[in-house]
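Notes for the structure review
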Amino acid sequence: MTTIAYRDGVLAADSLISSGNARAGQAQKIATCGSTMGGTSGSIEACHRFVQWIEAGAEGDCPELGDSDGILVRGSQTFYVGSKGVLVPFEAEFAAVGSGEKFALGAMAMGATAERAVEVARELDVHTGGQIVTLRHKG
């Protein structure tokens, strides 16, 4: 899995790929193109499809994510991305998805930035790790 967190125009993610209980490498789980950015947790295949879709302009249907979920920010609107690739708009001060979601949400409820929230999740969630990557929303 992974942890993706969003707050104040910043999207943060870990980079760990895990297979069962083994650390299997690192990968890009978030991407941006113009005023759109997003990231997904779960299978590396779903992450890869979602990242490619965003980098290509996030046009057309969002790819299905299988057992994964994600966050997409398009302009001023934030969306939860479900397993079938359905974009569900929502309003919240902050958001997180993935195996470290609860740790990240708790950290942000206490005032943490998105990056710090992923750092907290990395300390507590065995499936969050590696380098933390951040993107800033371009409006």
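See the structure shown above.
Below, the structure is looked at part by part.

The rules behind each value
Residues numbered from 1 in each chain as written. Predicted model: local features only at pLDDT ≥ 70, side-chain atom pairs only at ≥ 80, totals over all residues. Heavy atoms only, no water. Pairing = 2+ DSSP bridges. Helix = DSSP H or I, 4+ residues; strand = E, 2+ residues; numbered from the N terminus. Axes fitted to C-alpha atoms, helices over the stretch in contact; angles between N-to-C directions. Buried < 20%, exposed > 50% of the residue type's maximum accessible area, 1.4 Å probe, protein only. Arc of directions from axis to C-beta. Contact = heavy atoms within 4.5 Å. Salt bridge = Lys/Arg side-chain N within 4 Å of Asp/Glu carboxyl O.

**As for the sheet that holds strand β5 (residues 30–33)**
The antiparallel open sheet is built from 5 strands, whose spatial order is β5-β6-β7-β8-β9. The open sheet has two edge strands, β5 and β9 (87–90), and neither has a second partner. Within the sheet, the average angular offset between the axes of one strand and its neighbour, ignoring direction, is 20°. As paired strands, β5 and strand β6 (residues 36–40) are joined by 4 bridges and run antiparallel to one another. Within β6, the residue paired with I30 across the bridge is G39.

**Some details on unusual backbone geometry**
Within the chain, D8 stands out as a residue other than glycine whose phi angle is a positive 50°. The residue D8 is located in the loop between β1 (3–7) and β2 (10–13) in this model. Here D8 falls in the exposed class, since its relative accessible area comes to 61%. Within the chain, A58 stands out as a residue other than glycine whose phi angle is a positive 55°. Take A58: it is sitting in the loop between α1 (44–55) and β7 (70–74). Of the residues examined, A58 reaches a relative accessible area of 6% and is grouped as buried.

**Digging into helix α3 (residues 114–124)**
Where α3 is concerned, the buried positions are A114, A117, V118 and A121. The buried residues of α3 occupy one face: seen down the axis, they fall within an arc of 95°. Elements in contact with the buried residues of α3: β1, β2 and α2 (101–109).

**Observations regarding the pattern of salt bridges**
In this structure the tally under the stated criterion is 4 salt bridges. Residue K29 pairs with D14 through a salt bridge whose shortest N-O separation is 3.5 Å. Placement of K29 in the loop between β4 (22–26) and β5 and of D14 in the loop between β2 and β3 (16–19) is noted, with a sequence separation of 15 residues between them. For the residue pair K29 and D14, the accessibility class agrees, reading buried in each case. A salt bridge links E119 to R116; the shortest N-O distance between them is 3.1 Å.

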